[in-house]
Amino acid sequence: GQNIDQPTEMTATEGAIVQINCTYQTSGFNGLFWYQQHAGEAPTFLSYNVLDGLEEKGRFSSFLSRSKGYSYLLLKELQMKDSASYLCAVEGSQGNLIFGKGTKLSVKP
Amino acid sequence: SQTIHQWPATLVQPVGSPLSLECTVEGTSNPNLYWYRQAAGRGLQLLFYSVGIGQISSEVPQNLSASRPQDRQFILSSKKLLLSDSGFYLCAWSDRGYYGYTFGSGTRLTVV
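Figured I'd write up the structure that's included with this text. (Residues numbered from 1 in each chain as written. Chains lettered and ligands numbered in written order. Predicted model: local features only at pLDDT ≥ 70, side-chain atom pairs only at ≥ 80, totals over all residues. Heavy atoms only, no water.)

## Re the packing of aromatic side chains
The description of an aromatic ring pair uses the distance of the two centres, along with the angle that the planes make with each other.
Inference 1: All told, the structure shown has 18 aromatic pairs over all chains when counted by the stated rule.
Inference 2: A centroid spacing of 6.0 Å and a plane angle of 65 degrees characterise the contact between phenylalanine 99 of chain A and phenylalanine 103 of chain B, whose relative ring orientation is edge-to-face. Of this pair, phenylalanine 99 of chain A sits in strand E10 (residues 97-99) while phenylalanine 103 of chain B sits in strand E10 (residues 102-103), which puts the two residues in different chains.
Inference 3: Of the aromatic side chains, those joined through ring pairs into one cluster are Phe33, Tyr35, Phe45, Tyr48 and Phe99 of chain A together with Tyr34, Tyr36, Tyr49, Tyr101 and Phe103 of chain B.
Inference 4: It is arginine 108 of chain B that lies over the ring of phenylalanine 88 of chain B; its NZ or CZ is 4.4 Å from the centre. (Phe/Tyr/Trp six-rings, centres within 6.5 Å; stacked < 30°, edge-to-face > 60°. Helix = DSSP H or I, 4+ residues; strand = E, 2+ residues; numbered from the N terminus. Lys NZ or Arg CZ within 6 Å of the ring centre and 35° of its normal.)

The structure is reproduced here in structure tokens:
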């Protein structure tokens, strides 16, 4: 079966660092995506990992371990505008994206 | 550049009424097209995807249907809405490239 797990909610302080974990079990793997979704809006692309290791893009980084079925999204220097849901998604063997339920991040002053 | 348009933004419909949501993509040809639904407190659920004109694959059996009459047009329909059809409907496209899917702005459907 297809299963993607991530924490339901997280809280962090402005200026801090937060790590959002994602574990997956899917039939086939063609890459892992992270999306950001503000309340009432569509998801927007953040990052893509297909090989093991860390991908860095500004304040956001994403890590992948294919052998462990594990990824994390690291957000540095948190800002209030980072309050949103973060969706982990795996591209399966048929090319479709399978999404986790998302992690709602609340950034406090 | 590629853009995706989805309308309407919000919709309130009575139970038993029909539904038609439209999505169009500009700036690309032969895209893969997708319809997702996001119910309150739940993840994105893939409803339909299409790899070409007239080619529709259904992921979840339900009272919804999809059609692709033109290369860059994707339509989600229902003949009779149920209360459980309420949710946030998102259209997306991809060319299997680096950036995965690009989503439309979504339609918030409330069935009353």
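## Digging into the interface of chain A and chain B
Inference 1: Taken together, the contact pairs 19 residues of chain A with 19 residues of chain B.
Inference 2: In total, chain A and chain B occlude about 1500 Å² of area from one another, counting both sides; carbon and sulfur atoms represent 54% of this.
Inference 3: When the buried area of chain A at its contact with chain B is split by residue, Asn96, Leu97 and Phe99 of chain A rank highest and sum to 27% of it.
Inference 4: Run the count over chain A and chain B and you get zero salt bridges.
Inference 5: Linking chain A with chain B are four residue pairs in polar contact (both at pLDDT 80 or more). (Contact = heavy atoms within 4.5 Å. Buried area = accessible area lost by both parts, 1.4 Å probe. Salt bridge = Lys/Arg side-chain N within 4 Å of Asp/Glu carboxyl O. Polar contact = N/O pair within 3.5 Å; in protein donor to acceptor, adjacent residues only side chain to side chain.)

## Things to note about the state of the cysteines
Inference 1: Applying the stated criterion to the full structure yields two disulfides over all chains.
Inference 2: Two residues share a disulfide in this structure: cysteine 22 of chain A and cysteine 88 of chain A, whose sulfurs sit 2.0 Å from each other. Taking the torsion about the S-S bond as the criterion, the cysteine 22 of chain A to cysteine 88 of chain A disulfide, at about -70 degrees, is left-handed. Here cysteine 88 of chain A lies in strand E9 (residues 84-91) and cysteine 22 of chain A lies in strand E3 (residues 18-25), a separation of 66 residues in the sequence. Both residues of the pair, cysteine 22 of chain A and cysteine 88 of chain A, belong to the buried class.
Inference 3: Linked covalently through their sulfurs, cysteine 23 of chain B and cysteine 91 of chain B form a disulfide whose S-S length is 2.0 Å. (Disulfide = S-S within 2.5 Å. Buried < 20%, exposed > 50% of the residue type's maximum accessible area, 1.4 Å probe, protein only.)

## Regarding the sheet that holds strand E8 (residues 73-78) of chain B
Residues and elements named next belong to chain B.
Inference 1: Strand order in the open sheet formed by four strands is E1-E3-E8-E7, and the pairing between neighbours is antiparallel. Two strands close off the open sheet at either side, each with one partner strand: strand E1 (3-7) and strand E7 (64-70). Neighbour-to-neighbour, the strand axes of the sheet open up by a mean angle of 15 degrees, direction not taken into account.
Inference 2: Looking at chain direction, E7 and E8 are connected through five bridges and run antiparallel. When the sheet's bridge partners are listed, serine 67 is paired in E8 with isoleucine 75. (Pairing = 2+ DSSP bridges. Axes fitted to C-alpha atoms, helices over the stretch in contact; angles between N-to-C directions.)

All quantities given are derived from atomic positions and should not be read as evidence of function.
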